[in-house]
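# An overview of the molecular structure
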Amino acid sequence: MKDQKFGPIPVLLLTLTGGLAGFVLRLMMLTVGYDAQGVQIPGSWPMVSLWVLSGVVLVGLALLCFGMGARSGLEENFQASPVAGTCAIVAGLAFLVHSLVQLLNNPDLFSMVVYALGLGGGSALAYNGYLRLSGKVSGPAGMLVSLYLAALLICRFRGWSADPLLGDYCFQLLAVIASMVASYQLAGFPLGKGRRRASIFWSMTAVFFSCISLADPDWTGRLFFAAMVLWQLTGCCSLVRPAPRRRKLGGGFDGETTAQDGEDTP
């Protein structure tokens, strides 16, 4: 296993700086990227700039994640955290509100099933946040959240696919895809299938595209993506370098026990 080369600052700086710049570019794209009839202007400079920024951020994240180490243990990646636990609880409640509002809008049968699943997914995320307060994570709860996001992607894409203007929905689409994959990666750790580098990459990608999607006018969408930023930014694998292991005088390292250490003394 390769050691982690750097701490959280480079990853967080690239993600948040890129997300803020993307949010501003998306706002400009929505104002100057369309003509008076509401038709998207091909090749408008905000849209081109936003795609260039997205490519730079994704490549940068991929390179940085190679230096984040490959440790896959649950305890070393998900320590007890009041911040991460509280943010997951708040994000779960936001998912509940988002799903409830959509259910009250009298959707079709498939959408009703998806948003009913969203009530379960929001509850599961809040439950995992409660567990994270004491350094625990539930694999089944994480899989339920991932299942909800996968169903939501299918549900939302039915409407998006009817829109001929890719710029209207492409960043929301990418945000939901990244969020779904990130939640799947996170759910693997309590099941012994964690992949640290992939988890960090998809979590930060979800944060980046969710920040861009916050510029879109739908308030329920803003609530959803704000919850996603809150959850994935604080609830991904620990970005902090592991504490160095110090060798003990009698051999071995701190934290390890030997047969002699475990013997009862008279």
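Just above, that's the structure.
In this report, the structure presented in the accompanying data block is examined. What you see is a predicted model, and the numbers here were worked out from it, not measured in a lab.

## A short note on the overall build of the protein chain
For the protein chain, the count of helices and strands is ten helices and zero strands. Each helix and strand of the protein chain, ordered N terminal to C terminal, gives the series α-α-α-α-α-α-α-α-α-α. Residue burial in the protein chain is summarised as follows: out of 266 residues, 45% are buried. Taking contacts inside the protein chain between residues at least 6 apart in sequence as the whole, the part at least 24 apart equals 77%. Element-wise, carbon and sulfur atoms account for 68% of the exposed surface of the protein chain, whose accessible area totals about 13,400 Å².

## Considerations on the layout of surface pockets
When its volume is computed, the second largest pocket comes out at roughly 220 Å³. Forming the walls of the second largest pocket are 15 residues, and the residues nearest its centre are S81, R132, T234, S238 and L239. If you list the elements that add at least two residues to the lining of the second largest pocket, you get α4 (82–104) and α9 (219–235). Of the residues in the lining of the second largest pocket, the class split is ten nonpolar, four polar and one charged.

## Topic: helix α7 (residues 170–188)
Compared with the 27 Å implied by 1.5 Å per residue over 19 residues, the 28 Å span of α7 between its first and last C-alpha is a close match. Within α7, 15 of the 19 residues are buried, which leaves it mostly tucked inside the rest of the structure.

## Observations regarding the environment of I177
In this structure, I177 sits in helix α7. Exposure remark for I177: the relative accessible area of 29% places this residue in the partly exposed category. As a C-alpha pair, I177 and A150 span 27 residues in sequence and 7.9 Å in three-dimensional space.

## A short note on the packing of helix α6 (residues 139–160) against α9
In contact at an axis separation of 15 Å, α6 and α9 are set at 145° when each is read in the N-to-C sense. The crossing of α6 and α9 is left-handed. Residues V145, Y148, L149 and L152 of α6 pack against F224, M228 and W231 of α9. Broken down by class, the residue content of the contact of α6 with α9 amounts to seven nonpolar, no polar and no charged.

## Structural notes on the nonpolar core
Grouped together as the largest cluster of nonpolar side chains are 52 residues, with contacts concentrated most on V11, L149, I200, F224 and W231. Taken together, the elements giving at least two residues each to this core come down to α1 (9–32), α2 (45–65), α4, α5 (109–132), α6, α7, α8 (196–213) and α9. Broken down by element, the residue count for this core peaks at nine residues, all from α6. Beyond its immediate sequence surroundings of up to four residues, L149 is in contact with V176, S179, M180, S183, F224, M228 and W231.

## What to know about the pattern of salt bridges
A full pass over the atoms with the stated rule returns two salt bridges. The closest approach of N and O atoms between D216 and R26, which form a salt bridge, is 2.9 Å. Taken together, the residues D216 in the loop between α8 and α9 and R26 in helix α1 connect sequence positions 190 residues apart. Between R158 and D108 there is a salt bridge whose closest N-O contact spans 3.1 Å. Remark: D108 occurs in the loop between α4 and α5 and R158 occurs in helix α6; sequence separation between them is 50 residues. The partly exposed category is assigned to R158, whose relative accessible area is 40%. When its relative accessible area of 37% is taken as the criterion, D108 is described as partly exposed.

Reading the values: the criteria
Residues numbered from 1 in each chain as written. Predicted model: local features only at pLDDT ≥ 70, side-chain atom pairs only at ≥ 80, totals over all residues. Heavy atoms only, no water. Helix = DSSP H or I, 4+ residues; strand = E, 2+ residues; numbered from the N terminus. Buried < 20%, exposed > 50% of the residue type's maximum accessible area, 1.4 Å probe, protein only. Contact = heavy atoms within 4.5 Å. Areas by Shrake-Rupley, 256 points an atom, 1.4 Å probe, with all protein chains shown as cover. 1 Å grid on protein atoms, 1.4 Å probe; cavity = no way out; pocket = protein on both sides within 12 Å on 5 of 7 lines; lining within 4 Å. Points joined across faces, edges and corners; volume = space filled by probe spheres on them. Nonpolar A, V, L, I, M, F, W, Y, C, P; charged D, E, K, R; others polar. Expected span 1.5 Å × (residues − 1). Axes fitted to C-alpha atoms, helices over the stretch in contact; angles between N-to-C directions. Left-handed = near helix turned anticlockwise from the far one by under 90°. Core = buried A, V, L, I, M, F, W, Y, C linked by side-chain atoms within 4.5 Å. Salt bridge = Lys/Arg side-chain N within 4 Å of Asp/Glu carboxyl O.

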